[in-house]
Amino acid sequence: QVQLVESGGGLVQPGGSLRLSCAASGYIFSITDMGWYRQAPGKGRDLVAVVTRGASTSYTDSVKGRSTISRDNVKNTMYLQMNSLKPEDTAVYYCNALTMNGVGYWGKGTLVTVSS
């Protein structure tokens, strides 16, 4: 089992920045890829960014150039630095971890609201 806890969400003005964190515990040795997803009100859950165990990264086009995903394998924590935030970035952000046996785990989410 892997447990994931997100933090760092909140209210931010358009153009502002936030850094989300995802702390992993449990069978962390089994984790391969980790990612951030988001779910806007009334919409489905969409992939935002992924970081592999080897630190390769990929981003959805809407956040490319404004966000940086990273992971600290010593602290067992993943991060998402988001800059130049827009109202359309408003969503609940979820952390996901994929294990070697193909099982995915989710955190409970952290709300990001971008509004003036």
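Because the structure is predicted, anything quoted here is derived from the model rather than measured. (Residues numbered from 1 in each chain as written. Predicted model: local features only at pLDDT ≥ 70, side-chain atom pairs only at ≥ 80, totals over all residues. Heavy atoms only, no water.)

Chemist: So, unusual backbone geometry: which residues are in play, and what are the values?
Modeler: The phi torsion at Ala55 lies on the positive side, around 75°, for a residue other than glycine. Mapped onto the elements, Ala55 comes out in the loop between strand E5 (45-51) and strand E6 (57-59). Under the relative-accessibility criterion, Ala55 is labelled exposed at 51%. Despite not being glycine, Asn76 has its phi angle at roughly 55°, a positive value. Position of Asn76 relative to the elements: it lies in the loop between strand E7 (67-72) and strand E8 (77-82). The exposure class assigned to Asn76 is partly exposed, which follows from its relative accessible area of 26%. (Helix = DSSP H or I, 4+ residues; strand = E, 2+ residues; numbered from the N terminus. Buried < 20%, exposed > 50% of the residue type's maximum accessible area, 1.4 Å probe, protein only.)

Chemist: Lay out the side chain of Thr90 with the relevant residues and their values.
Modeler: Summarising the element assignment, Thr90 is placed in the loop between E8 and strand E9 (91-99). Apart from residues lying up to four places away in sequence, Thr90 is in contact with Ala40, Pro41, Val112, Thr113 and Val114. (Contact = heavy atoms within 4.5 Å.)

Chemist: So what's going on with the pattern of salt bridges? Which residues, and what values?
Modeler: Using the criterion set out here, one finds three salt bridges in the structure. Here Asp89 makes a salt bridge to Arg38, at a shortest N to O gap of 2.9 Å. Highlighted residues: Asp89 in the loop between E8 and E9 and Arg38 in strand E4 (residues 31-39), separated in sequence by 51 residues. Classification of Arg38 by relative accessible area gives buried; the value is 14%. Here Arg66 and Asp89 are joined by a salt bridge, their closest N and O atoms 2.8 Å apart. Here the residue Arg66 occupies a position in the loop between E6 and E7, and Asp89 occupies one in the loop between E8 and E9, the gap between them amounting to 23 residues. (Salt bridge = Lys/Arg side-chain N within 4 Å of Asp/Glu carboxyl O.)

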